[in-house]
Amino acid sequence: MRWCHPWSNRTRTSPECCDGCVRGTLPVPNRELRVCACVSRRITQPSVAMCSPATRWWRAAVCFWMLTLLHTSAGVNVCMSGSATSCEECLLIHPSCAWCAQEDFGRGGTLNSRCDFLQNLHKRGCESRFLEYPSNTMTIQQNLPLSSKGSGSTQYDVVQMSPQRISLSLRPGQPTWFELQVRQVEDYPVDLYYLMDLSLSMKDDLDTIRNLGTKLAKEMGQLTSNFRLGFGSFVDKNMSPFSYTAPKYQENPCSGYKLFPTCVPTFGFRHILSLTDQVDRFNEEVQKQMVSRNRDAPEGGFDAILQAAVCKDEIGWRKGAYHLLVFATDDVPHLALDGRLGGLVQPHDGRCHLDRHNQYSASTSMDYPSLALLGEKLAENNIFLIFAVTKRLYVIYKNFTALIPGTTVEILDQDSKNVIQLIITAYHNIRSKVELTVWDQPEDLSLSFSATCQDGQALAGLRKCADLKIGDTVSFNVSVEARGCPPAGTDHTFTIKPVGFKDRLRVAVDYQCDCGCTPAAKTNSSICSSVGTYKCGTCQCEPGHLGARCECQEGEVGSGYSAACREAEGKQLCSGRGECSCNQCLCYESEFGKIYGSFCECDDFSCARHKGILCSGHGECHCGECTCHAGYVGDNCNCSTDTAACVADDGQMCSGRGHCVCGRCRCTQPGAFGDTCQKCPTCPDACDTKRECIECHLSNSGAPSSNRTCQRLCKDEIVMVETLETEQAGAVLCLYKTQDDCVMKFTYSEHASGLSVLTALTQPECGGGPDALMVLLAVVGSILLVGVVLLAVWKAVITVHDRREFARFQSARSRARYEMASNPLYKQAASGFLETDFDTFGVRPYNGKMCNANVRR
């Protein structure tokens, strides 16, 4: 048994606390308590779990028995407060209520004492054979095992979804669960129809795809062994104001146009080649094609898409294959009501209108189809639509994908040179996700989903799994709850199918709205004083009669009667909203709704409203409180529990930057914005998140990789440049080091249109390894250079010094007061003659010489 923790909201259909549980609800004061019988081990919401691995549905009975016990101990009895006067009314009050049809049960009590919890009725003496207490049942009628391979001898017996057929028997207000599984089998056949815009602006694209068939078949051959290819083209309606209608343009709309003077007449849609595995025929047919010309910018592509989808026999769609419709164009499409510009007031009927020449014959008689009609016909024929459009149209067609299930959009180069890679990428994107859709859901049924994807985690409110590999099996738990009893004759079946799959689950629903004791009713029974019908233990009196046995007539008033019409001493009779007659309150009628209850204390119009709508239109008002439908919570049921819109492309809830509140992301990370908080240029992890996308685009020498992560992350516009401008307004510069020790640079910015733009270098910036010779030469050169520089400096210093000394010398010289021809240091010698008397000294001349006579030889 699993016990679910009480949460603050009191509505019955708060988010499921148990995955795969049959649950009950306790509307105890100020909170709601649920008890669940397990059918799986997983818990999808925080709860207090005490669960055994058993998975049998009979545990629901034990669950509701515990519900009754807890409900009684809380002092609140929703069954007895609902003023049920019949078995059918009792069963509609709450799924935990039971009715006792025993004749002598409750003598002396009030009428609605027969409606109570099962445990209480047992205690009060009601025999089991008189108890009316239906419960939900489920029967699997067809459950073929899932296949593992798509092609081969068993191609048309491939099963990708189980079970295939079940039946449910539902009691209103009591949900039941069932599980389904989906598997993307390997080597599944593929039918691809290439639908091309052949207006004049697509001439260069036509030249590019003339050999597309061979190349595409080679690439697709790596993904499937059973591939077929077809071709069709379109321009626009051949009528004014969409095309040139003057006589001279009928055969040649390009007449007088200098650049392309010759082209074929304008046409709406032309089916050229049915799906075939002979790819050479595709090349031959494409090479025969010529462009045409229309008058206005929008094209008639939606006419062509619808015809390609509904003309199954002419196109050749196989039942056991993936249907891919590639729509290549360079302009916007005409939408519904545009045809009124040309006088076309008849809406499109959604049928095939190809004549014997395989041309769209209703082009000039019916309006363009609407987006809703396109989505319906594509889903009906299991077709995945791939918009291959130029970059300037990406945002427009991206908005279309939100309105047409199973549609993707890819950016096409101006000359379609990347069309093969585009198709391969789109195919991987399609095969990497599974999304459930519901067809023909009855209005009185509430469905809620939880998905268990490849990581094994159960995600409540999600009906889609992404980032899958071929061969992965995913499971979904589906909760079904009947909100009421439908009118007789309404269809009680609905279908669940994955988008683009031929497999489907058909669910037949039977409503347990009648009691088993009803067929035994007796009219004019003596038990009812012969003035009423005895049915399921009670009397249904004829008009004018009242009482448990129809023993009173209207208007009889007594003191004994009036005391029983007060809820408590001092309270007004019948809460002031009714009259007391024969021990019962007859509630007044109100223009706002129904007043009911033993003391007329309840009504169905005094509940909380949202934008003026009672219970927001997603619940029922019961005695002043909103009982929300499955998938909604809140006092006024205005808060959705569906989290599908909060799951980002990377699989994280609100990209890990916020919380999902009422089906919308509330971003908590500063700077984060977007539907799933996916945009955040200023977040610390912004560069890391976008880095994986850049790495994918640089893998394989710059070619986009086929890796699943790359397909999931690279949904932004990637611009590769030779030189990166880092000063862009609002752009964040990101750097990271590659495995080769190179540095990759890119900028991340958000365009005003909502598109994220990554501008990156075509190649990382890398530095070469060191060269020993170059290093040696650099060192020697550096030394020589330093020596030369030092010598030059020394020479400059000496030169400057000499010049200064010479200048000082010149200055001193200029200040001298002597002749320039004289030397101031030179002094001329003074000369004179002195006669000497040698005799005085005894010296006489001898042979002309002076001799001293006193000297001896």
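All values reported here derive from a predicted model rather than from experimental measurement.

Analysis parameters
- Residues numbered from 1 in each chain as written.
- Predicted model: local features only at pLDDT ≥ 70, side-chain atom pairs only at ≥ 80, totals over all residues.
- Heavy atoms only, no water.
- Helix = DSSP H or I, 4+ residues; strand = E, 2+ residues; numbered from the N terminus.
- Buried < 20%, exposed > 50% of the residue type's maximum accessible area, 1.4 Å probe, protein only.
- Areas by Shrake-Rupley, 256 points an atom, 1.4 Å probe, with all protein chains shown as cover.
- Phe/Tyr/Trp six-rings, centres within 6.5 Å; stacked < 30°, edge-to-face > 60°.
- Lys NZ or Arg CZ within 6 Å of the ring centre and 35° of its normal.
- Pairing = 2+ DSSP bridges.
- Disulfide = S-S within 2.5 Å.
- pLDDT = per-residue confidence, 0-100.
- Contact = heavy atoms within 4.5 Å.
- Axes fitted to C-alpha atoms, helices over the stretch in contact; angles between N-to-C directions.
- Parallel < 35°, antiparallel > 145°, perpendicular 65-115°, else oblique.
- Nonpolar A, V, L, I, M, F, W, Y, C, P; charged D, E, K, R; others polar.
- Salt bridge = Lys/Arg side-chain N within 4 Å of Asp/Glu carboxyl O.
- Patch = residues over 30% accessible without salt bridge, like charges linked within 9 Å, V, L, I, M, F, W, Y side chains within 5 Å.

The subject of this paragraph is the overall build of the chain. A count of helical and extended segments in the chain gives 15 helices and 45 strands. Counting all 857 residues of the chain, 47% fall into the buried class. Within the structure as shown, the chain displays about 43,400 Å² of accessible surface, and the carbon and sulfur contribution to it stands at 51%.

This part is about the packing of aromatic side chains. In this structure the tally under the stated criterion is 17 aromatic pairs. Relative to Y397, the ring of F327 has its centre 6.4 Å away and its plane inclined at 45°; by these criteria the two rings are tilted. Of this pair, F327 sits in strand β14 (residues 322-329) while Y397 sits in helix α10 (residues 394-403), and the two are 70 residues apart along the sequence. Judged by its relative accessible area of 1%, F327 is buried. Residues F592 and F605 carry aromatic rings whose centres are separated by 5.9 Å and whose planes lie at 45° to one another, so their mutual orientation is tilted. Within this pair, whereas F592 is found in the loop between β29 (584-587) and β30 (595-596), its partner F605 is found in the loop between β31 (602-603) and β32 (609-610), the two being separated by 13 residues in sequence. Residue F605 is classed as buried on the basis of its relative accessible area, which comes to 15%. Taken together, F234, F302, F327, F387, Y397 and F400 form an aromatic cluster joined through their ring pairs. Directly above the ring of Y368 sits K237, whose terminal nitrogen or CZ lies 4.5 Å from the centroid.

Assignment of secondary structure puts G456 in the loop between β18 (445-452) and β19 (458-460). Residue classification places G456 among the partly exposed positions, given a relative accessible area of 41%. Measuring from C-alpha to C-alpha, the distance between G456 and S475 comes to 9.4 Å, with 19 residues separating the pair along the chain.

Moving on to the sheet that holds strand β21 (residues 473-482). The strands that make up a sheet pair up through hydrogen bonds in the backbone, lying either parallel or antiparallel. Pairing within the open sheet is antiparallel, and its five strands lie in the order β8-β10-β21-β18-β19. Where the open sheet ends on each side, the last strands, each with one partner, are β8 (161-162) and β19. For strand β10 (residues 176-183) and β21, the ladder comprises eight bridges, and the chain directions are antiparallel. Among the inter-strand pairings, R183 is bridged to a residue of β21, identified as T473.

This brings us to the state of the cysteines. Throughout the structure, instances matching the rule amount to 21 disulfides. Across the disulfide, C254 is cross-linked to C263 (sulfur-sulfur distance 2.1 Å). On the sign convention where negative is left-handed, the bridge of C254 and C263, at about 110° about the S-S bond, is right-handed. Classification of C263 as buried rests on a relative accessible area of 4%. Covalent S-S linkage joins C628 and C637, the inter-sulfur distance amounting to 2.0 Å. Residues C628 and C637 share a disulfide whose torsion about the S-S bond is about -90°; that sign makes it left-handed.

In this section: the confidence of the model for the chain. On average, residues of the chain carry a pLDDT of 79, and 79% of them reach 70 or more. Ranking the elements of the chain by mean pLDDT puts strand β1 (residues 2-7) last, at 34, and helix α7 (residues 301-310) first, at 95. Overall, residues 1-75 carries pLDDT values under 50, and its contacts beyond four positions in sequence, including any with other chains, amount to 216 contacts. The low-confidence segment residues 700-709 (pLDDT under 50) makes 19 contacts with residues lying over four places distant or belonging to another chain.

The next subject is unusual backbone geometry. Of the consecutive residues S162 and P163, the connecting peptide bond is found in the cis state with omega at -5°. Tracing the backbone shows P163 in the loop between β8 and β9 (165-170). Each neighbour pair has its own omega, and for S240 with P241 the value is 10°, a cis peptide bond. Looking at where P241 falls in the secondary structure, it is placed in the loop between β12 (227-234) and β13 (269-276). Residues other than glycine seldom take positive phi values, yet S616 does so here, at roughly 60°. Following the sequence through the fold, S616 ends up in the loop between β33 (613-614) and β34 (619-622). Taking the relative accessible area as the measure of exposure, S616 reaches 10% and is therefore buried. A positive phi is found at C623, a non-glycine position, where the angle reads about 55°. Inspection of the secondary structure puts C623 in the loop between β34 and β35 (625-628). With relative accessibility at 31%, the residue C623 sits in the partly exposed group.

Moving on: helix α9 (residues 371-380). Residues of α9 that are buried: L371, L373, L374, G375, K377 and L378. The positive-phi residue at the C-terminal boundary of α9 is N382, with phi of around 55°.

Moving on to the packing of helix α5 (residues 212-220) against helix α6 (residues 279-288). Between two packed helices, the angle of one axis relative to the other and the distance separating the axes together describe the packing. Running from N to C, α5 and α6 cross one another at 150°; their axes reach a closest spacing of 7 Å. Classified by the angle between their axes, α5 and α6 sit roughly antiparallel to one another. In this structure, α5 contributes L212, G213, T214 and A217 to the contact, and α6 contributes V279, D280, F282 and N283. Here the residues of the contact of α5 with α6 are counted per class, giving four nonpolar, three polar and one charged.

Of the two faces of strand β23 (residues 505-511), only the one carrying L505, V507, V509 and Y511 is buried; R506, A508 and D510 on the other face are not. Of the strand pairs in this sheet, strand β22 (residues 493-498) and β23 are connected by four bridges, and their pairing is antiparallel. By the bridge assignment, I496 is partnered in β23 with L505. What sits between β22 and β23 in their antiparallel hairpin is a turn of six residues, with G500 showing a positive phi close to 85°.

Below, the discussion takes up the pattern of salt bridges. Following the criterion strictly, the structure yields 13 salt bridges and no others. Across the pair K535 and E88 runs a salt bridge whose closest N-O atoms are separated by 4.0 Å. Taken together, the residues span a long stretch of sequence, with K535 in strand β24 (residues 532-535) and E88 in helix α2 (residues 87-93) at a distance of 447 residues. Across the salt bridge formed by R210 and D207, the nearest N and O atoms sit 3.3 Å from each other.

What follows covers a nonpolar patch on the surface. On the surface, a nonpolar cluster with roughly 600 Å² of combined accessible area is contributed by L773, M774, L776, L777, V780 and L784. Its relative accessible area of 41% is what places V780 among the partly exposed residues.

This part covers the sheet that holds strand β40 (residues 717-721). With mixed pairing, four strands are arranged side by side in an open sheet as β40-β43-β42-β41. Looking at strand neighbours, the two that pair on one side only are β40 and β41 (732-737), the edges of this open sheet. Between one strand and the next, the sheet's axes are offset by a mean angle of 25°, whatever the strand orientation. Alignment of β41 against strand β42 (residues 743-750), held across six bridges, turns out to be antiparallel. For K737, the partnering residue across the bridge sits in β42 and is V743.

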